[in-house]
Amino acid sequence: NAGVTQTPKFQVLKTGQSMTLQCAQDMNHNSMYWYRQDPGMGLRLIYYSASEGTTDKGEVPNGYNVSRLNKREFSLRLESAAPSQTSVYFCASILPGGLTDTQYFGPGTRLTVL
Amino acid sequence: AQSVAQPEDQVNVAEGNPLTVKCTYSVSGNPYLFWYVQYPNRGLQFLLKYITGDNLVKGSYGFEAEFNKSQTSFHLKKPSALVSDSALYFCAVRDGGSNYQLIWGAGTKLIIKP
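Reference entry: report on the structure contained in this document. None of these values were measured; they are calculated from a predicted model.

Each value, and the rule that gives it
Residues numbered from 1 in each chain as written. Chains lettered and ligands numbered in written order. Predicted model: local features only at pLDDT ≥ 70, side-chain atom pairs only at ≥ 80, totals over all residues. Heavy atoms only, no water. Helix = DSSP H or I, 4+ residues; strand = E, 2+ residues; numbered from the N terminus. Rg over C-alpha atoms; globule rule 2.2 N^0.38 Å. Buried < 20%, exposed > 50% of the residue type's maximum accessible area, 1.4 Å probe, protein only. Contact = heavy atoms within 4.5 Å. Lys, Arg positive; Asp, Glu negative; His and termini not counted. Charge placed at Lys NZ, Arg CZ, Asp CG, Glu CD. Pairing = 2+ DSSP bridges. Axes fitted to C-alpha atoms, helices over the stretch in contact; angles between N-to-C directions. Disulfide = S-S within 2.5 Å. Phe/Tyr/Trp six-rings, centres within 6.5 Å; stacked < 30°, edge-to-face > 60°.

**Quick notes on the overall build of chain A**
Looking only at helices and strands, chain A features zero helices and eleven strands. In chain A, the succession of α and β elements from N to C terminus is β-β-β-β-β-β-β-β-β-β-β. Here the C-alpha radius of gyration of chain A, 13 Å, is about what a compact globule of 114 residues would show, namely 13 Å. By principal-axis analysis of the C-alpha atoms, chain A measures approximately 40 × 30 × 25 Å. Burial status across chain A gives 47% buried among its 114 residues. Considering only intrachain contacts with a sequence separation of at least 6, the fraction spanning at least 24 residues in chain A is 55%. Across chain A, the mean location of the 10 positive side-chain charges is 7 Å away from that of the 8 negative side-chain charges.

**Let's talk about the sheet that holds strand 1 (residues 4–7) of chain A**
Residues and elements named next belong to chain A. In space, the four strands of this open sheet follow the order 1-3-8-7, with antiparallel pairing throughout. Two strands close off the open sheet at either side, each with one partner strand: strand 1 and strand 7 (64–68). If you compare each strand with its neighbour and ignore which way they point, the axes differ by 15 degrees on average. In this sheet, strand 8 (residues 74–78) lies alongside strand 3 (residues 19–25) in antiparallel orientation, the contact comprising three bridges. Bridging from a neighbouring strand, M19 pairs with L78 of strand 8.

**Things to note about the state of the cysteines**
A full pass over the atoms with the stated rule returns two disulfides over all chains. What pairs with C23 of chain A in a disulfide is C91 of chain A, and their sulfur atoms sit 1.9 Å apart. In this structure the cystine formed by C23 of chain A and C91 of chain A twists about its S-S bond by roughly -70 degrees; its chirality is therefore left-handed. Residue C23 of chain A is located in strand 3, and its partner C91 of chain A is located in strand 9 (residues 87–94); the two are separated by 68 residues in the primary sequence. With respect to burial, C23 of chain A and C91 of chain A carry one shared label: buried. Each disulfide pairs two cysteine sulfurs, and for C23 of chain B the partner residue is C91 of chain B, the sulfurs being separated by 2.0 Å. Disulfide C23 of chain B to C91 of chain B: torsion about the S-S bond roughly -65 degrees, handedness left-handed. Here the residue C23 of chain B occupies a position in the loop between strand 3 (19–21) and strand 4 (24–26), and C91 of chain B occupies one in strand 10 (residues 87–94), the gap between them amounting to 68 residues. In this structure, C23 of chain B and C91 of chain B share a single accessibility class: buried.

**Structural notes on the side chain of R94 of chain B**
Within the secondary structure, R94 of chain B sits in strand 10. Since its relative accessible area comes to 3%, R94 of chain B is described here as buried. Residues within four places of R94 of chain B in sequence aside, it is in contact with D101 of chain A together with Q2, N30, P31, Y32, F34, Y100, Q101 and L102 of chain B.

**A look at the packing of aromatic side chains**
Here the structure, examined in full by the defined rule, presents 16 aromatic pairs over all chains. Grouped by ring-pair contacts, the aromatic residues Y33, Y35, Y48, F90 and F105 of chain A together with F34, Y36, F46, F90 and W104 of chain B constitute a single cluster.

Structure below.
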């Protein structure tokens, strides 16, 4: 099992450019999440998908869109990148239910917007 | 509103000494509490969780955490610190609801000195 994978690992964009961050999990998990991590602020939820075919806004959704392409894949799109979106982005997945209630994280994408 | 506080930005401990990383929480219902660790340039890894039952929870790498309902705390502990424990530690909480969203603390940097 590869677990949760993310591509790319690093990306530099100019203001106004667009890009899509890819996330995939091979653990047959139902729910998937996109977070951003900024120094001193912990993790903030951008969007999540409780199950295939559904997506919901998290704490900081502005400037982002998501697609739950299938059960395995959950992508995050920046339509017009801004310097405030410079951050490290993490994807996570979970198989909800009782004692398995643990989120598994990808290695992250480090994004710089100039 | 749900919240998590990690009152210390950084904790410094000498190798071999006991360590404590503090976490307090606020939720409306029964709390589900988690500790995750992040090593440099890596994603977050699950350490341990409290769902119900024994207030002392044992986790990975010799870590444990004590749930204290009256003080609304879930402090992370280890009897004897290792240099390799140096990392960023996050506390997270969710209520017993079904959306499986976690509320994250800002993180505590743990530095173990030889």
